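# Understanding the architecture of this molecule
Letter by letter, the chains look like this.
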Amino acid sequence: MTLPAPALDALIGNRRRRLSRRRLVIALLLSIVAALFALTLVLGQSYTSPGDVIRVLLGEDVPGAGFTVGQLRLPRAVLSVLAGLSFGLGGAAFQIMLRNPLASPDIIGISSGASAAAVFAIVVLSLDGPAVSVFAVAAGLGVALLVYALSSRNGVAGTRLILVGIGVSAMLESFILYVLSGAPAWTLQEALRWLTGSVNGAQLDQMLPLLVALAGFGGLLLSRTRDLEALRLGEDTAAALGVRIARTRIVVIVAAVGMIAFATAMAGPIAFVAFLSGPIAARLPGSNGSLLVPAALTGAILVLAGDYCGQFLLPSRYPVGVVTGALGAPYLIFLIVRINRSGGSP
Amino acid sequence: MTLHALTTSGLSAGYGDAVILDGLDLAVLPGRITVIVGANACGKSTLLRAMSRLIAPRRGQVLLDGKSIHHIPSRELARTLGLLPQSPIAPEGITVADLVSRGRHPHQGAFARWTRGDDEAVAAALAATRTIELAERPMDELSGGQRQRAWIAMALAQQTEVLLLDEPTTFLDISHQIEVLDLLTDLNQTRGTTIVMVLHDLNLAARYADELVAMAGGRLYACGRPEEVLTEHNVRHVFGLESRIIIDPTSGRPIMLPIGRHRMATDSRPARSGHPD
Ligand SMILES: Nc1ncnc2c1ncn2[C@@H]1O[C@H](COP(=O)(O)OP(=O)(O)O)[C@@H](O)[C@H]1O
Ligand SMILES: [Mg+2]
């Protein structure tokens, strides 16, 4: 079957154009992340000149800026980026794998599971540091397994998995409230962190484990990019294309849950970032190919921007999860209404 | 192109407790077109799924060139054996070119670069299915026939020597059905691709098959040349339907004319053609 050369050239040209559009979108998202990061460092309650910020970052002792930038703003911005990347990437991986935007870890109870375990480890077991993260990862995987087991009958049915997940999520949230209400030093701030997420009080030395988790689990997930893309064609087609479905599922679940649990142990289950990042990234003009990287960057943007809004642009101060929660809720309702109309998956 | 022997021996498979295939033996003719027919829910799709390792056999095995397909690395198997499922899913907004390029999956490693060879395979698949003009159009904007051609193009881009297709003509009007079947026959004749497909329409099955396979109750009921398999006796047993078989003057293949309870001519000749099928 021979082919006219112009047709082949046109095909190659179009593919290259798609690829460069995709690179442009990623570069744009990256620069928005960088800009918001810089904004967080420079302008808070007070203004710090970029020069001073850079000197603080280089480790110089800058009177009047050292503490604000080095101890308050920088850890906050770093945690926002790392948590945002983790939620965005992990959430999109679940949504792609299960072919359903509602199948995001923060909707189906995985984030609340990690959060409940973190609260339990901190309040009841008096643990801190990486031990809390280990608890969160174990609980996240446990919830994933539980939701899967409760909803699988002749294979996993999308809508049932989501309903079961929403139920499990609600139970876990009341568990979080129960544990917090018995805690001696119970504060509204803490409660909000574990229920909706917050980057308050971040400390730089806590960021290393999160960074390592993101690099490890994120790398693992990205190595499955092509298999995940094939899964979007349905399991039968993907398997016929040579994807090992069960193995891909396990790798994706472990990596995504691991990433999300680490971030949750630090920042709480920042509301709807995992849920929103993928769909927002998918709607960016020129977005094509795998959504994983654009969704991760979108997650970082959501957390940085949400935290900045919550701190400085609203009449009183709110943790980031309240802002992203207000953003995500209407979309959640929209999707549920759509399920209701179609009587099946959205 | 090498010819491959795909066979099942004593193949039993099912879902949960339900046994759907029950000790099925089938030897696909290499380099030929095999068409599987049978009543709804008799296990045709299940057979194709078992033959392409989508479900594991309970008993018996599926052999490719004498080797159990469960012992062949999945990527390698996917370079030899392709499957177009009954209802494949197109991701929202995907273009035809993008869809077709996914057929290259088994030819690429996790991080391998897209090569000119990949581009050529995609272009050839688009050309063979006459979907080049549609390449940049989103799948959700195409007609049923165009969409089906795009799916077949994806399967062609996979460049397998054996291709299984589950009801590739469902939902197509008659001219598009013929177009798809002609396309698959071209593929079989020019490249020697071994084709196994499930078809609903018995007359099209008899016309395009080198080997016709009738399934009933999870087993092969009959198997052979169309004129051997499409008989009044077999139609009665497989579909529970009375019929007349005549010979198609164009193709020389058998044609099945169903006999219902109504619209009988008084001299008891075969039913008059009232409405088009
Ligand atoms: N995923 C599944 N889980 C459970 N039962 C199934 C599944 N797929 C098919 N079946 C059942 O297996 C039987 C055979 O189905 P199938 O092979 O699709 O039939 P055909 O393709 O011949 O119409 C049917 O009774 C169907 O209900
Ligand atoms: Mg079928």
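Keep in mind the model is a prediction, meaning the values are calculated, not measured.

## Structural notes on the overall build of chain B
Within chain B, the secondary structure is distributed over nine helices and 12 strands. Taking the principal axes of its C-alpha atoms as reference, chain B extends roughly 70 × 45 × 35 Å. A total of 277 residues make up chain B; the buried ones form 51% of that total. Accessible surface, chain B as shown: approximately 12,700 Å² in total, 50% of it carbon and sulfur.

## Here's the deal with the site of ligand 1
Residue and element names in this part refer to chain B. Residues in close proximity to ligand 1 include Y15, I20, N40, A41, C42, G43, K44, S45 and T46, which together make up its full environment. A distance of 2.8 Å is found between an oxygen atom of ligand 1 and a backbone nitrogen or oxygen belonging to K44. Within the side chain of S45, a nitrogen or oxygen atom sits 2.7 Å from an oxygen atom of ligand 1. Expressed as a share of its isolated accessible area of 560 Å², the protein-covered part of ligand 1 is 61%. Sorting elements by how many residues they give to the shell around ligand 1 places helix α1 (residues 44-51) first, with three residues. Across the shell around ligand 1, the residue classes break down as four nonpolar, four polar and one charged.

## Some points on the coordination of the magnesium ion (ligand 2)
Residue and element names in this part refer to chain B. Surrounding the magnesium ion (ligand 2) are the protein donor atoms S45 (OG) and Q86 (OE1), which sit 2.0 to 2.4 Å from the metal. With a gap of 41 residues between them, S45 in helix α1 and Q86 in the loop between β6 (81-84) and α3 (96-101) connect regions that are remote in the sequence. With a relative accessible area of 43%, Q86 lands in the partly exposed category.

## Things to note about the interface of chain B and chain A
You'll often see interface size given as the accessible area lost when the parts meet. Each partner contributes to the interface: chain B provides 43 residues, whereas chain A provides 27 residues. Both faces combined, the contact of chain B with chain A buries some 3,000 Å², and carbon together with sulfur accounts for 59% of it. Between D119 of chain B and R15 of chain A there is a salt bridge; the shortest N-O distance is 2.6 Å. Linking chain B with chain A are 11 residue pairs in polar contact (both at pLDDT 80 or more), by the criterion used here. Taken together, the elements giving at least two residues each to the side of chain B that touches chain A come down to α2 (74-80), β6, α3, α4 (116-128), α5 (144-157) and α6 (174-191) of chain B. When residues of the side of chain B that touches chain A are assigned to their parent elements, the largest contribution, nine residues, is made by α4 of chain B. Classifying every residue of the side of chain B that touches chain A gives 25 nonpolar, eight polar and 10 charged.

## Thoughts on the sheet that holds strand β9 (residues 211-216) of chain B
Residues and elements named next belong to chain B. Taken in spatial order, the six strands of this open sheet run β6-β7-β8-β3-β9-β10, and their pairing is mixed. Only two strands of the sheet have a single neighbouring strand rather than two, namely β6 and β10 (219-224). Along the sheet, successive strands turn relative to each other by an average axial angle of 15°, direction set aside. Of the strands in this sheet, β3 (33-38), β7 (162-166) and β8 (194-198) are in contact with α6, which crosses β8 at around 155°.

## Looking at unusual backbone geometry
Negative phi characterises most residues that are not glycine, and trans characterises most peptide bonds. All names here are of chain A. Even without glycine at this site, R99 takes up a positive phi of about 50°. By the secondary structure assignment, R99 is in the loop between α3 (66-97) and α4 (110-124). Classification of R99 by relative accessible area gives partly exposed; the value is 33%. Positioned with a positive phi, F272 is a non-glycine residue whose angle comes to about 65°. On the secondary structure map, F272 appears in the loop between α11 (245-267) and α12 (273-283).

## Describing the pattern of salt bridges
Under the defined criterion, the tally for this structure stands at 21 salt bridges over all chains. A salt bridge links E235 of chain A to R99 of chain A; the shortest N-O distance between them is 3.8 Å. One end of the pair, E235 of chain A, is in helix α10 (residues 235-240); the other, R99 of chain A, is in the loop between α3 and α4, with 136 residues separating them in the sequence. Judged by its relative accessible area of 29%, E235 of chain A falls in the partly exposed class. The residue R224 of chain A makes a salt bridge to D227 of chain A at a minimum N-O spacing of 3.0 Å. One salt-bridge network, in which partners are shared between bridges, spans E229 and R232 of chain A together with D98 and R102 of chain B.

## Remarks on α5 of chain B
Helix length check: α5 of chain B, at 14 residues, gives a terminal C-alpha distance of 20 Å against a target of 20 Å (1.5 Å per residue), a fit within 8%. Most of α5 of chain B sits inside the fold, with 11 of its 14 residues counted as buried. Inspection of α5 of chain B places G145, Q148, R149, A150, W151, I152, A153, M154, A155, L156 and A157 of chain B among the buried residues, and these make up the whole buried set. Tucked inside the fold, the buried residues of α5 of chain B contact α10 of chain A together with β6, α3, α4, β7 and α6 of chain B. In the stretch just after α5 of chain B, Q159 of chain B is the one whose phi turns positive, near 50°.

## Here we look at the packing of α4 of chain A against helix α5 (residues 130-151) of chain A
Residue and element names in this part refer to chain A. Remark: α4 packs on α5, axes separated minimally by 7 Å, with the N-to-C direction vectors making an angle of 145°. In this structure, α4 meets α5 at a crossing whose hand is right-handed. The segment α4 lies against α5, with I110, G113, A114, A117, A118, F120, A121 and I122 engaging V132, F135, A136, A139, G140, V143 and A144. Across the contact of α4 with α5, the residue classes tally to 13 nonpolar, two polar and no charged.

## Some remarks on the domain arrangement of chain B
Residues and elements named next belong to chain B. Under the domain assignment used here, chain B contains domain 1 (1-80 + 160-241) and domain 2 (95-159). For domain 1 and domain 2, the distance between their C-alpha centres works out to 24 Å. Each side of the interface is counted separately: domain 1 has 15 residues, and domain 2 has 17 residues. Roughly 1,400 Å² is buried in total at the junction of domain 1 and domain 2, and carbon and sulfur atoms are behind 61% of that figure. The largest share of the area that domain 1 buries against domain 2 comes from R75, T160 and L183, three residues that together contribute 33% of it. Inspection of the region where domain 1 meets domain 2 yields eight residue pairs in polar contact (both at pLDDT 80 or more). At the level of elements, α2, β7 and α6 are the ones that each hand at least two residues to the side of domain 1 that touches domain 2. Top contributing element to the side of domain 1 that touches domain 2 by residue count: α6, with six residues. Of the residues assigned to the side of domain 1 that touches domain 2, the class counts are nine nonpolar, two polar and four charged.

## Some remarks on the pairing of β3 of chain B
Residue and element names in this part refer to chain B. Burial runs high along β3: six of the six residues are buried. The two faces of β3 match: I33, V35 and V37 on one face and T34, I36 and G38 on the other face are all buried. In terms of strand pairing, β3 meets β8 through four bridges, oriented parallel. Paired with T34 across the bridge in β8 is V196. Bridge count between β3 and β9: five bridges; the pairing is parallel. Across the sheet, the residue bridging to V37 is A214, located in β9.

## With respect to the environment of R21 of chain A
Note on placement: R21 of chain A falls in helix α1 (residues 5-42). The spatial distance from the C-alpha of R21 of chain A to the C-alpha of A118 of chain A is 41 Å, given a sequence separation of 97 residues.

About the cut-offs
Residues numbered from 1 in each chain as written. Chains lettered and ligands numbered in written order. Predicted model: local features only at pLDDT ≥ 70, side-chain atom pairs only at ≥ 80, totals over all residues. Heavy atoms only, no water. Helix = DSSP H or I, 4+ residues; strand = E, 2+ residues; numbered from the N terminus. Buried < 20%, exposed > 50% of the residue type's maximum accessible area, 1.4 Å probe, protein only. Areas by Shrake-Rupley, 256 points an atom, 1.4 Å probe, with all protein chains shown as cover. Near = heavy atom within 4 Å. Polar contact = N/O pair within 3.5 Å; in protein donor to acceptor, adjacent residues only side chain to side chain. Nonpolar A, V, L, I, M, F, W, Y, C, P; charged D, E, K, R; others polar. Donors = N, O, S within 2.8 Å, 3.2 Å for Na, K, Ca; no water. Contact = heavy atoms within 4.5 Å. Buried area = accessible area lost by both parts, 1.4 Å probe. Salt bridge = Lys/Arg side-chain N within 4 Å of Asp/Glu carboxyl O. Pairing = 2+ DSSP bridges. Axes fitted to C-alpha atoms, helices over the stretch in contact; angles between N-to-C directions. Expected span 1.5 Å × (residues − 1). Left-handed = near helix turned anticlockwise from the far one by under 90°. Domains from an automatic or database assignment.

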